[in-house]
Structure formats: C-alpha cells, structure tokens
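# Observations on chain architecture
The lines below spell out each chain.
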2 protein chains.
Amino acid sequence: MHEPITSVTNPLVKRLVKLRNRRERDESGVFLIEGFRELTRAVDSGLVVREVYVCPDLFLGDHEDALIERAVAGGAERVVFGSSAFRKVSYRDRPEGLIGLADQFPASLDGLSLSANPLILVVESIEKPGNLGTMLRTADAAGVDAVIVCEPTTDPFNPNVVRASLGCLFLVPLAISSTPEAIDWLAERGIRTFSATPAAVLPHWRADFRGPSAIAIGSEQYGLTETWLQNGELIRIPMGGQVDSLNAAMAAGVALFEAVRQRSAAGLDPGT
Amino acid sequence: MHEPITSVTNPLVKRLVKLRNRRERDESGVFLIEGFRELTRAVDSGLVVREVYVCPDLFLGDHEDALIERAVAGGAERVVFGSSAFRKVSYRDRPEGLIGLADQFPASLDGLSLSANPLILVVESIEKPGNLGTMLRTADAAGVDAVIVCEPTTDPFNPNVVRASLGCLFLVPLAISSTPEAIDWLAERGIRTFSATPAAVLPHWRADFRGPSAIAIGSEQYGLTETWLQNGELIRIPMGGQVDSLNAAMAAGVALFEAVRQRSAAGLDPGT
C-alpha cells in the first residue's frame, strides 16, 4: 500500500491528468473510470480495474468501501489521495472520491456475439462525448445486441463518454470499426442496414425493423458519409418543427425505440 | 454609439457576467442570447433585442453584419467589444462574437394558442439546462403546440438552455406554470394527460396520443411529483437493457415521436 498522495505535483497525479488527452490514452492503452455508479458498472461487467484512486473525504454514500473491496478482490491496487490531489485528477465539479484505472478493452466486430434477430446501433464519427455516451446509455435501454462505433472522432474511453453513458459503456456490447469493415460485417450476416438522413423519403416508422436490423446515425455536423448512404436503406425522422433538426443522440433514440415498438407489436422481444 | 469596450473590469462586462445567475436574471428581467444561430432565431421570432454586443474579431462567418443590422432595425443598440472583454462575458469556450440582451418574455398558459388537436409537452422541475434545452429543441422538431415548463428548477432563460435549445426557446410556444395550474388548464381544455413513470404498466406505444394530448416528464432525479401521477394516465417507456434508465430529454423525445407516428398513421398532421 502506498502512502497517501497529497501533492498536486505528484508524478501519478500528472500522469492521470494527461489521460484526458486521447493521444495519452491511446499510447498508454489505459483509461479512467470516475464516479461510484460508473465504477460499479465497470466492476459488475467483469472489467479488470488495475488501480483504484480513493479519497474518503469526498465519499457521498456508505457503499464506497464495499465497491473498493470488490475492485481490490478483482486485482486492483488501492491508492489513497488527499482531496486537493484528487480534485486535480478528477474530471468533475463535484468529485465523488472514486476513480478507477483500467486497460482499454478490446472492441472488435469479431468479438460480438449476436442473438438470432439482432438489433444494432451504428454510429459514425460522433464528435461530442456527451452524445456518444448518451447513445450508449440509450442503446442499452433499448436492449440492442451491440453498438458499433465507426471512425470514432471521439473515442469511447473519453472520460465524458464514460460519464454520459452512466457506465453503460461497460454493459452494452461494443465494437470499434472502420466504416467499410462494419458494412461488410453487417452484409455477411444478412443484417439489414438503415441509414438515417434528413434527405430520405421513408419515415423511420415505415421501415421494417422486425428482422435483423442495424440503424446507422452520422455525425452531429455532417451526418452519415456517402458510404453508409449508398449501403443502407435511407430513413428519416419526420419533423414538424421550424428548425428541422434533432440532436444525433435523440435521433438514435427515436429510431431505436421505434424498432423496440415494432418488435414488441410483432411479439418479438427486442434482441431475441 | 459607444466607444468599444475593451476592459474586462468595465461595469457593463460585470453586469453581463452576473446574468449567469438566475437571481440576477429574475431581478433584472433580462437575459442573454449568445451565438449566431441562437440570435438569428430570436430575431426571426420577433423578439425585441435591446442590446447586441459584438466582437468582429471573433466572427466565424460572413452573415453576422446582416444579422446585427436586423437587430438594430428592430431597436437594438449595438455595442462593440474588444476580444478579452467579450470573452469575459461569453459563456462559451469558442465565442462567436455575438451576444444579445433581451427582456424575458411573458410565458403564461393563457398566452398559448392551440390547434384543434393539440400535442403538448409538459416538463416538471428539470434540473439540467442541457436537458431543458434539448427538450425544447426536440419538442419543436416534433411539431408540438406548446411546451409547459412546470415548477422550473432551471429557468428557460438560463444561457445553457438557450444554447442547448439551439434557439428553439424562441420558436416553440412556451408557458411557465405551477403544476396545479397546468393540470387545471389541461383539464379545462379536455386535453388528455399522460404521465411518464417507470412504475407504469402501459407501454407508451399503447397509449392513444391521437386526440388532444399532453405528455408529462419529470425531473432527472425524482421523476414526476405525485400530483402529476394522480392526474394523468400512467405510461412507461419499456426498457430492455441492464440499466433501465433513459435521460429525461430522451424519454420526452421517444414519447413525442410516438405521438407523431400515431397521428401520421391516423392521417392527422401533428398539431393540427
């Protein structure tokens, strides 16, 4: 067990702060999981947490010690921080005194295992971590088989993705892929692909999501690339307002829950 | 015309920074509209902008001057800022050099005018400005007749609401109300109220939104109060995931677009 880390210039503090940068995350192969709920879901999912940084002064509840014990039982080293050093590492305004360090987990298409009638969310080049996190959380709520993150502008291990996903990053089966690989992979499995674009004629509720289906949503600014538009059936979410735009995460949620509705009406459970 | 404001300690700069606080907004009765798109929608909506603060060095496009001229033609005073003073006032990481000051507009239930078959979003005690803004944007996209903001924990004039709404705050008819007043108002008009709660049995897609309907969504942390639960038909958004929670704004969007779907299938335009 280490001495408590109290200095904001401690080398570990500096190293952890650097993990906010994607390049540092990519080079080191690790990432941070901050917060009680997020770390709970990481441990629940069986993710091996290598180190757990704790600041008991900042704990909000009574269950932190039990969670830390579970992480330690799974192999994590426990490192105590003073509150200034912890606040320096924390990504939050009101830190909860718990941050885990884990290896980025493999997320390949070939690692996915699908049900007989899969429902998949594909997202391409999402820019905002909050949107990517919300998409993961919403996809989990819709009971998808997997989320395929294509050409990630923001990587799923970004601390704000972990946070906005409420830890669903650890629960929903995930693949990171190039767009051509994802298209081939879906085609090989006979999964019908629906590409959302405002230019489409077909309202999303007229698409038939009851069979094996993938719903593709593009970036906030540019939408889907031509490759997805040419390799999917085009759907749009009909809008009656003056602005005619939905947030990308909202578009994903509206389309996914229409699929859930159709499958329920057809007597199918989502994802079975 | 003023001299350009260059000092970050200028009294106007200080006064504008204070408008980030709700109490200051409430006492002064004014609020700020930052950004090209947001200010455009404010001017488009006919809102009288009293002052427009401009920093040409920060402009991103070529249309800023035309927008400022429209605001000035509508009665706004133009005040030029140096970039440090502007950045001090700005609420953004990358300011676009445009902020308007306007009076908070009246938003009473009695000011709403409804179509023959209204669709209304009711939100109660929403805490996060980003969620309230997203709800306004999504409600506009769904073509609602109105959004009723009950017991606002976050006021709609919060700068992050303006921002997350992309200026839809100025486009979608809005009322701010207490919960009992809203319930009475809806009942008097024969508008059927659906209250979303995870405890409900009825999936949202089995509710009949084809007639005059209000969909009520509660706060992120506590959901709807008992008053809404006792005065509405309970619906839930069925979830198939491991976490069983949707962001409040996402829940609003999923329910609203189900109403849009039903109305379209029934040959009704939303909101007509």
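Counting starts from 1 at the beginning of each chain's written sequence and moves along it residue by residue. Lettering for chains starts from A, numbering for ligands starts from 1, and both go in the order in which the items are written. Only residues with pLDDT of 70 or above have their local features reported here, since the model is predicted, and side-chain atom pairs are shown and tallied only from 80 upward, although totals for entire chains, interfaces and linings are computed over all residues. Note: side-chain values were computed over all heavy atoms of the structure, leaving out hydrogens and water.

### Comments concerning the overall build of chain A
As a reminder of what qualifies: Secondary structure elements follow DSSP: runs of H or I no shorter than four residues count as helices, runs of E no shorter than two count as strands, and numbering proceeds from the N terminus. In this treatment the radius of gyration is a C-alpha quantity, and the globule benchmark scales as 2.2 Å times the residue count to the 0.38 power. To sort residues, take the accessible area from a 1.4 Å probe on protein chains only and compare it with the maximum for the residue type: under 20% means buried, over 50% means exposed, and anything in between is partly exposed. Whether two residues are in contact is decided by their heavy atoms, any of which lying within 4.5 Å being enough. Only the protein chains shown count as cover for residues, with accessible areas throughout obtained via the Shrake-Rupley method and a probe of 1.4 Å. Charge counting follows a simple rule: Lys and Arg are positive, Asp and Glu are negative, and His as well as the terminal groups are ignored. Here the site of a charge means atom NZ of a Lys, CZ of an Arg, CG of an Asp or CD of a Glu.
Helix and strand counts for chain A come out as ten helices and ten strands. The C-alpha radius of gyration of chain A comes to 20 Å, within 12% of the 19 Å expected for a compact globule of 272 residues. By principal-axis analysis of the C-alpha atoms, chain A measures approximately 60 × 35 × 35 Å. Buried positions account for 57% of the 272 residues belonging to chain A. Partitioning the intrachain contacts of chain A with sequence separation of at least 6 by distance along the chain shows that 83% fall at a separation of at least 24. Surface summary for chain A: the accessible area is close to 11600 Å², and the carbon and sulfur share equals 47%. Across chain A, the mean location of the 26 positive side-chain charges is 4 Å away from that of the 34 negative side-chain charges.

### Side note on the packing of aromatic side chains
Residues and elements named next belong to chain A. Put simply, the test is: Each pair of aromatic rings taken from Phe, Tyr and Trp, with Trp reduced to its six-membered ring, is defined by centres within 6.5 Å and is described as stacked if the planes are under 30 degrees apart, edge-to-face if over 60, and tilted in the remaining cases.
Taken as a whole and judged by the stated rule, the model has 16 aromatic pairs over all chains. For the pair Phe-81 and Phe-86, a centre-to-centre distance of 6.2 Å together with 90 degrees between the ring planes defines the contact as edge-to-face. Phe-86 gets classed as buried once you look at its relative accessible area, which sits at 0%. Centroid distance Phe-105 to Phe-170: 6.3 Å. Interplanar angle 65 degrees. Geometry classified as edge-to-face.

### A closer look at the side chain of B:Thr197
If you trace the backbone, B:Thr197 turns up in the loop between β8 (192–196) and β9 (213–217). A relative accessible area of 13% means that B:Thr197 is categorised as buried.

### Concerning the domain arrangement of chain A
All names here are of chain A. Defined as follows: Domain delimitation in this document rests on an assignment produced automatically or drawn from a domain database. The buried area of a pairing is the accessible area, by a 1.4 Å probe, that goes missing from both parts when the two are put together, added over both.
Annotation of chain A at the domain level lists domain 1 (11–103) and domain 2 (109–265). Between the C-alpha centres of domain 1 and domain 2 there is a distance of 29 Å. Contacts between the two partners involve 13 residues from domain 1, matched on the other side by 15 residues from domain 2. Summed over both partners, the interface of domain 1 with domain 2 comes to about 1400 Å²; 60% of that surface belongs to carbon and sulfur atoms. The largest per-residue losses of area from domain 1 upon contact with domain 2 belong to Arg-22, Arg-41 and Tyr-91, which jointly make up 37% of the total buried on that side.

### Description of the interface of chain B and chain A
Selection criterion: A side-chain nitrogen of Lys or Arg and a carboxyl oxygen of Asp or Glu constitute a salt bridge if their distance falls within 4 Å. Nitrogen and oxygen atoms within 3.5 Å of one another constitute a polar contact, given that in protein one can donate a hydrogen and the other can accept it, and given that sequence-neighbouring residues count only through two side-chain atoms. Residue classes follow a fixed rule: Ala, Val, Leu, Ile, Met, Phe, Trp, Tyr, Cys and Pro count as nonpolar, while Asp, Glu, Lys and Arg count as charged, and any other residue, Gly among them, counts as polar.
Between chain B and chain A, the residue contacts involve 32 residues of the former and 32 residues of the latter. Roughly 2700 Å² is buried in total at the junction of chain B and chain A, and carbon and sulfur atoms are behind 64% of that figure. Between the two partners, chain B and chain A, sit two salt bridges. For A:Arg261, the salt bridge identified is with B:Glu258, shortest N-O distance 3.8 Å. At the junction of chain B with chain A, the criterion picks out four residue pairs in polar contact (both at pLDDT 80 or more). If you list the elements that add at least two residues to the side of chain B that touches chain A, you get α6 (129–141) and α10 (248–265) of chain B. Broken down by element, the residue count for the side of chain B that touches chain A peaks at nine residues, all from α10(B). Across the side of chain B that touches chain A, the residue classes tally to 16 nonpolar, ten polar and six charged.

### Thoughts on the pairing of strand β5 (residues 119–124) of chain B
Residues and elements named next belong to chain B. Just so we agree on the cut-off: Only strands that DSSP links by at least two bridges are regarded as paired with each other. We call a crossover right-handed when, viewed with both strands directed away from the observer, the connection leading from the first strand over the helix to the second proceeds clockwise.
In terms of burial, β5 is largely enclosed, as six of its six residues are buried. Burial along β5 is two-sided: the face carrying Leu-119, Leu-121 and Val-123 and the face carrying Ile-120, Val-122 and Glu-124 are both buried. When β5 meets strand β6 (residues 146–150), the two strands line up parallel, connected through five bridges. Directly across from Ile-120, in β6, lies its bridge partner Ala-146. In terms of handedness, the path from β5 via α6 over to β6 forms a crossover that is right-handed.

### Comments concerning helix α3 (residues 36–44) of chain B
For α3(B), every residue scored as buried is listed here: B:Glu38, B:Leu39, B:Thr40, B:Arg41, B:Ala42 and B:Val43. Contacts made by the buried residues of α3(B) are with β1 (30–34), β2 (49–54), α4 (64–73), β4 (98–103) and α7 (159–164) of chain B.

### Quick look at the sheet that holds β5(B)
Residues and elements named next belong to chain B. Stated formally: All axes here are fitted lines through C-alpha atoms, helices being fitted over the stretch that makes contact, and every angle between N-to-C directions spans 0 to 180 degrees.
An order of β7-β6-β5-β9-β8-β10 is seen for the six strands of this open sheet, with the pairing classed as parallel. Sheet topology places β7 (174–177) and β10 (233–235) at the edges, where each strand pairs with a single neighbour. Ignoring strand direction, the axes of neighbouring strands in this sheet form an average angle of 25 degrees. The pairing of β6 with β7 spans four bridges and is parallel. Counted as the bridge partner of Ile-148 is Ala-175 from β7. Packing of α6 onto the sheet brings it into contact with β5, β6, β7 and β9, and relative to β5 it is tilted by some 175 degrees. Contacting β5, β6, β7, β8 and β9, helix α8 (residues 179–188) crosses the sheet at an angle of about 145 degrees to β6.

### Quick notes on a positive patch on the surface
Residues and elements named next belong to chain A. What counts here: Patch membership is restricted to residues that have no salt bridge and whose relative accessible area is over 30%. Joining uses 9 Å for like charges and 5 Å for the nonpolar side chains Val, Leu, Ile, Met, Phe, Trp and Tyr.
Residues Lys-14, Lys-18, Arg-20 and Lys-88 make up a contiguous surface patch of positive charge. As for its placement among the helices and strands, Lys-18 is situated in helix α1 (residues 11–18). For Lys-18, a relative accessible area of 45% gives the class partly exposed.

### Thoughts on the relation of the copies chain B and chain A
Rules: Least-squares superposition aligns the copies on the C-alpha atoms of those residues with pLDDT at or above 70 in both.
The two copies are related by a screw motion: chain B maps onto chain A through a turn of 180 degrees and a shift of 0.0 Å along the axis, at an RMSD of 0.0 Å. The symmetry that links the two subunits is that of a two-fold axis. In terms of proximity to the rotation axis, the leading residue of chain B is B:Val254, whose C-alpha is 2.5 Å off the axis. A shared interface surface links the copies, since 100% of the contact residues of chain B are contact residues in chain A too.

### Topic: the environment of B:Ser7
Residues and elements named next belong to chain B. Examined against the element boundaries, Ser-7 turns out to sit in the segment before α1 (11–18). Owing to a relative accessible area of 33%, Ser-7 belongs among the partly exposed residues under this scheme. Sequence separation of Ser-7 and Leu-114 is 107 residues, and the distance between their C-alpha atoms is 48 Å. Setting aside its immediate chain neighbours within four residues, Ser-7 contacts Val-13 and Ala-85. Of the polar contacts made by the side chain of Ser-7, one reaches the side chain of Thr-9; its length is 2.8 Å.

### Section: unusual backbone geometry
Unusually for a residue other than glycine, A:Ser125 sits at a positive phi of about 50 degrees. You can see A:Ser125 is positioned in the loop between β5 (119–124) and α6 (129–141).

### Some thoughts on α1(A)
Residues and elements named next belong to chain A. Stated formally: Within this analysis, the arc is defined by the directions that extend from the helix axis to the C-beta atoms.
Restricting attention to buried positions, one finds in α1 the residues Leu-12, Val-13 and Leu-16. Across the axial projection of α1, the buried residues extend over an arc of 100 degrees, all falling on one side. Where α1 is buried, its residues contact β1 (30–34), β2 (49–54), β3 (77–80), α5 (83–89) and β4 (98–103). At the N-terminal end of α1, a side-chain oxygen is found 2.7 Å from the backbone nitrogen of Leu-12, two or three residues along, and the residue is Asn-10.

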